[in-house]
Amino acid sequence: MKRIIFLLVVLSGSFISCEDALDLTPENSLTFRNALETEKDLEGVLAGVGYYMRQLAINGTCQLMKGAYMDFDPQEQFTSERTLAPDGGEVDGMGWGRFYNVITQANVVLHFADQVKMTDARRKVYKGQAYFYKGLMYLELLRRWGDCILVKDDVSLVPQGQSPWGEVCDYAIEMAQNAVNCLPEFPRVTDHLGNAPRYKSTPSKGAANALLAHLCAWKAGGKYFAADQDYDDQTLWRRAKEACDSIISSNIYALEDSPELVCTSALVGDSKESIYETIYKDFWHEINDNDRGMMMYCLAKKYQSYPVVPNSTPYDALDQSCQIYLSEMEKMFPGSDERRNAYFYKFDVYNCPDSVKTTHGLAYPYKWRNPYVETSGWNAGSMVNYNQNRIWWRLADIILLRAECAARLGDTETAIKDLNRVRARANAKLYDASEYEGDVRYAVYKEREKELLFEGYRYYDIIRNGYYKTELEGGFRTASEQDFRDGAFFLVIWMTSMENNPAIRQNKYWLKYF
């Protein structure tokens, strides 16, 4: 108990008000010694997780930019990261402490849940949510840093080094499975008063299954760069597929009817396609002024300018960090594929010789439509961020992940059926065996690239599939297998983390460049 309280006092900052969004006042860490006596107290701690979940989006785009789809980078901001150059390890500006903040909050709930008087059914809900948050944070830690510190129940005051990512992933899978076992489906989730959640930021069985599927797929696909490769990846692929099956067969979630509705509904929040999300929409006023502009929960701020950004012009696209040619997107979304004109502003209008003087051949990404604009102060009228929620997983992702699992398991019929379900929604040409020389798994990967464009999946999809030599650039194509086992895919560890904990060791691959 003292260990938990100690870490919370050290790591916690002041909570911003989430009262409007969550109908609860997050409990301050200092009150945990005597405040956790009722269900409402546990809900207060879980409400505090909402604050930390928002903070995960501060900076943290280093990994996403490595796999960001673009034709060129005019400002060369991300060249080193994208080419695995010696100076391209990049440091996540916030370090990994914010992820452990969530894990610590979740551990508080798990520590106290058994001593609070309530029904076993209610106890399972609170524990399930805590298990979910722990599993989700370890998924994020694994994908960013690989080997990381494994905090299970109590936090040791003795300096603790990293555990191999495979071991951490096993624990995260256990947490996700616990969450699946404990949590009801979203329509049956309630608080202690019997009220249904107002937002899909509340963990449910569907969200837990999505987490379980991605964790199992990550370990299965990552076997080639794991330190210990003595495990059955086929069992993990089956387990991932079963988790996807559970979500899809539940009929709780449904694809939006068109790519246009993906942009105007699914990526905005509280959509029938959304499985789990973090709240930002209409609550930017609750976030610190200095943090608002730093929130990067999608790649829109790197890609989009005209016409979404207020007062922008078509020429502003020339100054964007990430740029994409109309000609390349025409190849990606050929024929009648409606994603072309949904994901890009007036694509067919601008994709003509008469527009080259204006566009310089560039497309205008248009996937996130709702700018949040300051209404007062020195920067009144300027855009701060996108007034949309962070969508962690939506049904199209899960359908295509099941297709990947099926392809890995030799079930090409299911893989093609799922692939075509996503294509049919976009009115795109259905799969035929002539594509990609008949490689169904690669066709699924390319469909994820299309459907989830700019949403931050691509780099992790490339790693999971082992396509780094063809889909990434520069040093990714020449590095050895040992380089990737040593951590070439991952971020450099923040120096402050090592100063605070002498047991932490720098990523082995990047250490040689220090």
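Residues numbered from 1 in each chain as written. Predicted model: local features only at pLDDT ≥ 70, side-chain atom pairs only at ≥ 80, totals over all residues. Heavy atoms only, no water.

## Some remarks on the pattern of salt bridges
Then, in step 1: Applying the stated criterion to the full structure yields 43 salt bridges.
Then, in step 2: In this structure, D289 and R292 form a salt bridge, with 3.1 Å as the shortest nitrogen-oxygen distance. Note that D289 and R292 are positioned in helix α13 (residues 289-292) at a spacing of three residues, about one turn of the helix.
Then, in step 3: Judged by relative accessible area, R292 falls into the buried class, the value being 7%.
Then, in step 4: Of the charged contacts in the structure, one is a salt bridge between D348 and R340, with a shortest N-O distance of 3.1 Å.
Then, in step 5: Accessibility expressed as a relative area gives 41% for D348, which makes it partly exposed.
Then, in step 6: Residues participating in the shared-partner salt-bridge network are E273, D337, R339, K367, R394, R423, R425, E435, E447, K450, E451 and E455. (Salt bridge = Lys/Arg side-chain N within 4 Å of Asp/Glu carboxyl O. Helix = DSSP H or I, 4+ residues; strand = E, 2+ residues; numbered from the N terminus. Buried < 20%, exposed > 50% of the residue type's maximum accessible area, 1.4 Å probe, protein only.)

## So, helix α7 (residues 97-112)
Then, in step 1: For α7, with 16 residues, the first-to-last C-alpha span of 23 Å sits near the 22 Å given by 1.5 Å per residue.
Then, in step 2: Most of α7 sits out of view: 14 of its 16 residues are buried. (Expected span 1.5 Å × (residues − 1).)

## Some details on the packing of aromatic side chains
The geometry of two aromatic rings is summed up by the distance between their centres and the angle between their planes.
Then, in step 1: Under the counting rule described, the total for this entry stands at 47 aromatic pairs.
Then, in step 2: With centroids separated by 5.6 Å and ring planes inclined at 70°, the aromatic side chains of W96 and W145 adopt a geometry described as edge-to-face. In this pair, W96 sits in the loop between α6 (79-83) and α7 while W145 sits in helix α8 (residues 120-145), placing the two residues 49 residues apart along the sequence.
Then, in step 3: When its relative accessible area of 5% is taken as the criterion, W145 is described as buried.
Then, in step 4: Ring centres 5.2 Å apart and planes at 75° place the aromatic pair Y442 and Y467 in the edge-to-face group. In this pair, Y442 is assigned in helix α21 (residues 440-451) and Y467 in the loop between α22 (458-465) and α23 (468-471), connecting sequence segments 25 residues apart. (Phe/Tyr/Trp six-rings, centres within 6.5 Å; stacked < 30°, edge-to-face > 60°.)

## Comments concerning the state of the cysteines
Then, in step 1: Inspection of every chain in the model, using the stated rule, returns zero disulfides.
Then, in step 2: Counting only cysteine sulfurs, C169 is the nearest neighbor of C216, a cysteine outside any disulfide, at a range of 7.4 Å.
Then, in step 3: Among the residues examined, C216 registers a relative accessible area of 0% and is labelled buried.
Then, in step 4: Free of any disulfide, C298 has its nearest cysteine sulfur in C263, 11 Å distant. (Disulfide = S-S within 2.5 Å.)

## Focus on a nonpolar patch on the surface
Then, in step 1: The grouping of M495, L511 and F514 at the surface amounts to a nonpolar patch, some 330 Å² of accessible area in total.
Then, in step 2: By relative accessible area, M495 is classed as partly exposed at 42%. (Patch = residues over 30% accessible without salt bridge, like charges linked within 9 Å, V, L, I, M, F, W, Y side chains within 5 Å. Areas by Shrake-Rupley, 256 points an atom, 1.4 Å probe, with all protein chains shown as cover.)

## Brief notes about empty space enclosed by the protein
Then, in step 1: Counted under the stated rule, the structure contains four cavities of 30 Å³ or more.
Then, in step 2: Each pocket or cavity is described by its volume, and for the largest cavity that value is around 330 Å³.
Then, in step 3: Around the largest cavity sit 25 residues that line it, and Y297, R390, I391, E455 and G456 are the ones nearest its centre.
Then, in step 4: Secondary structure elements with two or more residues in the lining of the largest cavity: α8 and β4 (390-394).
Then, in step 5: In terms of residue count, α8 provides more of the lining of the largest cavity than any other element does, five residues in total.
Then, in step 6: A class-by-class count of the residues in the lining of the largest cavity yields 15 nonpolar, five polar and five charged.
Then, in step 7: Taken together, the elements giving at least two residues each to the lining of the second largest cavity come down to α21 and α22. (1 Å grid on protein atoms, 1.4 Å probe; cavity = no way out; pocket = protein on both sides within 12 Å on 5 of 7 lines; lining within 4 Å. Points joined across faces, edges and corners; volume = space filled by probe spheres on them. Nonpolar A, V, L, I, M, F, W, Y, C, P; charged D, E, K, R; others polar.)

## Let's talk about the packing of helix α19 (residues 395-408) against helix α20 (residues 412-425)
Then, in step 1: Following both chains from N to C, one finds α19 and α20 inclined at 155°, their axes separated by 7 Å at the closest point. In terms of orientation, α19 lies roughly antiparallel with respect to α20. Taken as a pair, α19 and α20 cross one another with a handedness that is left-handed. Residues L395, A396, I399, L400, R402, A403, A406 and A407 of α19 pack against T414, A415, D418, L419, R421, V422 and R425 of α20.
Then, in step 2: Each residue belonging to the contact of α19 with α20 can be placed in one class, and the counts come to ten nonpolar, one polar and four charged. (Axes fitted to C-alpha atoms, helices over the stretch in contact; angles between N-to-C directions. Parallel < 35°, antiparallel > 145°, perpendicular 65-115°, else oblique. Left-handed = near helix turned anticlockwise from the far one by under 90°. Contact = heavy atoms within 4.5 Å.)

Function cannot be read off these values alone, since they describe shape.
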